[in-house]
Amino acid sequence: MEIITQKFEKYQDQEIKKVTLKNDCGVAISCLSMGATWYEFLVPDKDGNKHNLIMNFAHCADYYSNGLCCCQSIGRVAGRIKKGHFKLNQQEVQLLPNENGNTLHGGNHGFRFLNWKITTQKEHNSVSVIFSNKISEKIDGFPGDLDVEIKYTLNNQNQVMILYTAKSGSKLTLFNPTCHAYFNLSDQPNLASHKLKINSTQYLELDTELIPTGNMLAVENTPYDFRDFQNLESAISKNNGFDDAFVIDGASTNLRPVAVLSEQTSGRAITISSDSNCLVVYTMSQNQPGVKFIRDGGKFAQPSEAVALEAQTLPDAINNDDFGNIVLPANTTKSHEIVFTFTQK
Ligand SMILES: OC[C@H]1O[C@H](O[C@H]2[C@H](O)[C@@H](O)[C@H](O)O[C@@H]2CO)[C@H](O)[C@@H](O)[C@@H]1O
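These numbers come from a predicted model, not from an experiment. (Residues numbered from 1 in each chain as written. Predicted model: local features only at pLDDT ≥ 70, side-chain atom pairs only at ≥ 80, totals over all residues. Heavy atoms only, no water.)

### A closer look at the site of the ligand
Part 1 of the argument: Among the 15 residues in the neighbourhood of the ligand, the closest are listed as G67, R80, H180, D243 and E310.
Part 2 of the argument: At a separation of 2.7 Å, an oxygen atom of the ligand approaches a polar backbone atom of G67.
Part 3 of the argument: Separating an oxygen atom of the ligand from a side-chain N or O atom of E310 is a distance of 2.6 Å.
Part 4 of the argument: Considering the ligand on its own, with 470 Å² of exposed area, one finds that the protein chains cover 82% of that surface. (Near = heavy atom within 4 Å. Polar contact = N/O pair within 3.5 Å; in protein donor to acceptor, adjacent residues only side chain to side chain. Areas by Shrake-Rupley, 256 points an atom, 1.4 Å probe, with all protein chains shown as cover.)

Here's what the structure looks like:
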C-alpha cells in the first residue's frame, strides 16, 4: 500500500495538493485538497492498463466554470433548501440563495469551495487521506461553527470509504454531506452498457424548481423502478433524464447497500453503501456547455455521459418533518459514511 502526496497546481494563490492512495490489488484513488475532491478511481483492465471510473478535469478552474460539482465534497447540506430558509431552535434562518432563490449544495461558500488541510494515515490493510477544516458561520453563512473531517480510505477489498465527521461548537447547526461523484464504468461517452439497481420503492415528487413537494411517490410502473437492474440509457430516454431523490428502503442509520451500478462490457460494478435514507441520481442529461472531461481527450462532454450517485439524507429535510434529521446539536460530533465497493466479473 502506498501514499503519494504531490503538488497539483496553484489556484487562486493557493497551493493545491493531490494525494494518491494505492492498494495491493492494483487499484488507486486520488483526491485534491481543493473541494476535498475525489479526482481518480483507477482500476486495472485485463492488460494492466488503468481505467478511471469517475469524471475529472485537468485544472481546478474547470471545476468552478460549471455547476456540476464534479466529484466534489458537498456540505454543510447537500441538495436544495427551499428559498434558503428554515427554522432552527425557534429562530428563522435565511441563507444566501445560489440557484433560483434556493440554496443548493451548501451555497457558494460550501465545502467544495474550500482548500482543505491534509493528513495521511497508513494501516495494515488500508491507506487514508484526511481533509480537515474549521468552518465558521462567517464563511458559509450557516448558523454555528463546525470542525469538519472528510476521510477517504482505500483498502485491499477494493473499497473506497468516505467518512464525514462534523463537530459543532456552541450553536446547533445542520449537517448533511455527500460525495458528488460522477461514474462511467465503460470506455464510451455514454451510459448505454450500464445497469442500475436501487433499493428504493419510493421517490420524491419535485416542483418545477426541483424542490420536494413533501410527497413520496411509488416507483412501481414508472421509469423510476430500479428495484431490479434496469438499463440506464433506456430509463434515461423514457424519463428525459433523472435528477431525482430516491427514498432508500428500510429506515436505518446503519451502513447498508443502497445501489449497484454495473457495466456489461467490462464486467465492472460499483456497490454503494450508505447510512442515510436517500440516493440522488443525476444523469447530467442537459447540454453542459464548455465542459471537457479529461477522459474525452479534448472533446465536449455528451449529455448523459455519466451518472452522479449521491448518498445523503433526503433533500430539504430541514423543512419536511418526515425526511430525516440533519440537525447537529451544539457541542456534538456526528459522522456519515459512504462506501463504494469495486468488483469485476
Ligand atoms: O450546472 C450543472 C447542473 O446543475 C444543476 O444540477 C444539479 C442537480 O439539480 C442536483 O440534484 C444534483 O445533486 O447536482 C447537480 C449538479 O449541481 C442543475 O439542476 C442542472 O440543470 C445543471 O445542468
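### Looking at the sheet that holds strand β2 (residues 14-22)
Part 1 of the argument: With respect to topology, 5 strands assemble into an open sheet ordered β1-β2-β3-β4-β5, the strand pairing being antiparallel. Edge positions in the sheet fall to β1 (2-11) and β5 (50-52), since each of these pairs with one other strand and no more. In this sheet, neighbouring strand axes are inclined to one another by 25° on average, regardless of whether the strands run parallel or antiparallel.
Part 2 of the argument: In the sheet, β1 pairs with β2 via 9 bridges, with the strands oriented antiparallel. Along β2, the bridge assignment pairs K10 with E15. (Pairing = 2+ DSSP bridges. Helix = DSSP H or I, 4+ residues; strand = E, 2+ residues; numbered from the N terminus. Axes fitted to C-alpha atoms, helices over the stretch in contact; angles between N-to-C directions.)

### Describing the sheet that holds strand β19 (residues 202-206)
Part 1 of the argument: Strands sit in the order β17-β26-β25-β22-β19-β20 across an open sheet of 6 strands; the sheet is antiparallel. Taken across any chain shown, the strands that pair with only one partner, and hence form the sheet edges, are β17 (182-183) and β20 (212-218).

### Comments concerning the side chain of S273
Part 1 of the argument: Mapped onto the fold, S273 is located in strand β24 (residues 268-274).
Part 2 of the argument: The exposure class assigned to S273 is buried, which follows from its relative accessible area of 12%. (Buried < 20%, exposed > 50% of the residue type's maximum accessible area, 1.4 Å probe, protein only.)

### As for the environment of I326
Part 1 of the argument: Considering the arrangement of structural elements, one finds I326 in the loop between β26 (307-312) and β27 (327-328).
Part 2 of the argument: Along the primary structure I326 and L191 are separated by 135 residues, whereas in three dimensions their C-alpha atoms are 33 Å apart.
Part 3 of the argument: If we ignore the near neighbours within four places in the chain, the residues touching I326 are V77, T173, L174, F175, N176, T313, A317 and I318. (Contact = heavy atoms within 4.5 Å.)

### Remarks on the environment of T20
Part 1 of the argument: If you trace the backbone, T20 turns up in strand β2.
Part 2 of the argument: In this structure the C-alpha to C-alpha distance between T20 and I3, which are 17 residues apart in sequence, comes to 5.6 Å.
Part 3 of the argument: Ignoring sequence-local partners within four residues, the contact set of T20 consists of E2, I3, I4, Q6, A28, I29 and S30.

### Topic: the packing of aromatic side chains
Part 1 of the argument: One pass over the structure, following the stated rule, counts 19 aromatic pairs.
Part 2 of the argument: Ring plane angle 35° and centroid distance 5.5 Å describe the contact between Y64 and F113, whose orientation is recorded as tilted. With Y64 in the loop between α1 (60-63) and β6 (73-74) and F113 in the loop between β10 (103-104) and β11 (117-122), this residue pair connects regions lying 49 residues apart in the sequence.
Part 3 of the argument: Look at F111 and W116: their rings are 5.4 Å apart centre to centre, the planes differ by 80°, and that puts the pair in the edge-to-face class. We note that F111, like W116, is buried.
Part 4 of the argument: Members of the aromatic cluster, each reached through a chain of ring pairs, are W38, F41, F131, Y152, F183, F340 and F342.
Part 5 of the argument: A cation sits over an aromatic face here: K292 above F300, 4.7 Å from the ring centre. (Phe/Tyr/Trp six-rings, centres within 6.5 Å; stacked < 30°, edge-to-face > 60°. Lys NZ or Arg CZ within 6 Å of the ring centre and 35° of its normal.)

Treat this as a map of the structure, not an account of what it does.
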